[in-house]
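# Remarks on the overall topology
One letter stands for each residue in the lines below.
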Amino acid sequence: TIFTKSGYTVSLFEIMRNPDYANTDERHWICAYLNSMSPPPGYKFPYTSAQVLSFYFETGPYTASEALEFFKKYMETHNS
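Presented here is a report on the structure given in the accompanying data block.

A separate point is helix H3 (residues 49-56). Within H3 the residues assigned to the buried category are Val52, Ser54, Phe55 and Tyr56. Those residues of H3 hidden inside the fold are in contact with helix H2 (25-37) and helix H4 (64-75). Trailing H3 by a residue or two, Glu58 shows a phi angle of about 55°, which is positive.

What follows covers the environment of Gln51. When you line up the elements, Gln51 lands in helix H3. Note: C-alpha distance between Gln51 and Pro61 (10 residues apart in sequence) is 9.4 Å. In terms of polar contacts, Gln51 uses its side chain to reach the backbone amide nitrogen of Thr48, at 2.8 Å.

Another aspect to go through is the pattern of salt bridges. The full count for this structure, using the stated rule, is 3 salt bridges. The closest approach of N and O atoms between Glu14 and Arg17, which form a salt bridge, is 2.6 Å. Remark: Arg17 and Glu14 occur in helix H1 (residues 12-17); sequence separation between them is 3 residues, near one turn of the helix. By relative accessible area, Arg17 is classed as exposed at 59%. In this structure, the salt-bridge partner of Lys73 is Glu69, at a minimum N-O distance of 3.6 Å. One end of the pair is Lys73 and the other is Glu69, both in helix H4 and 4 residues apart, which spans about a single turn. Judged by its relative accessible area of 59%, Lys73 falls in the exposed class. Glu69 sits in the partly exposed class, given a relative accessible area of 44%.

Reading guide: rules and limits
- For every chain, the first residue of its written sequence is number 1, and the numbers climb from 1 along that sequence.
- Local features are withheld for residues below a pLDDT of 70 in this predicted model, meaning they are given only at 70 or higher, and side-chain atom pairs are given and counted only at 80 or more; totals for whole chains, interfaces and linings count all residues.
- Computation of side-chain values: all heavy atoms of the structure, hydrogens and water removed.
- Only protein chains enter the accessibility calculation, which uses a 1.4 Å probe; a residue whose area is less than 20% of its type maximum is buried, one above 50% is exposed, and one in between is partly exposed.
- Secondary structure counts use DSSP, requiring at least four H or I residues in a row for a helix and at least two E residues in a row for a strand, with both numbered from the N terminus.
- By definition, residues are in contact when any of their heavy atoms lie within 4.5 Å.
- Residues adjacent in sequence count toward polar contacts only when both atoms are side-chain atoms; beyond that, a polar contact is any pair of N or O atoms within 3.5 Å, and within protein one must be able to donate a hydrogen and the other to accept it.
- Any Lys or Arg side-chain nitrogen found within 4 Å of a carboxyl oxygen on Asp or Glu counts as a salt bridge.

Spatial relationships are all this shows, so hold off on functional conclusions.
Now the structure itself:
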């Protein structure tokens, strides 16, 4: 119910589990949101879940497209 812009009617679990959704923006947003809530051990995610949501709904300092590009091109590709 959080990421509602896409119009998908499947659950968060379906988007994360099903490879048909692997390259969707929603999967990247869900990953950023989950990492902000509970990053993997040894991994420091730089944003809170509230900040991720503010990026998604464009109520924060960046547009959704800017934040998504950062998550996809930097956060998902750099290990340190």
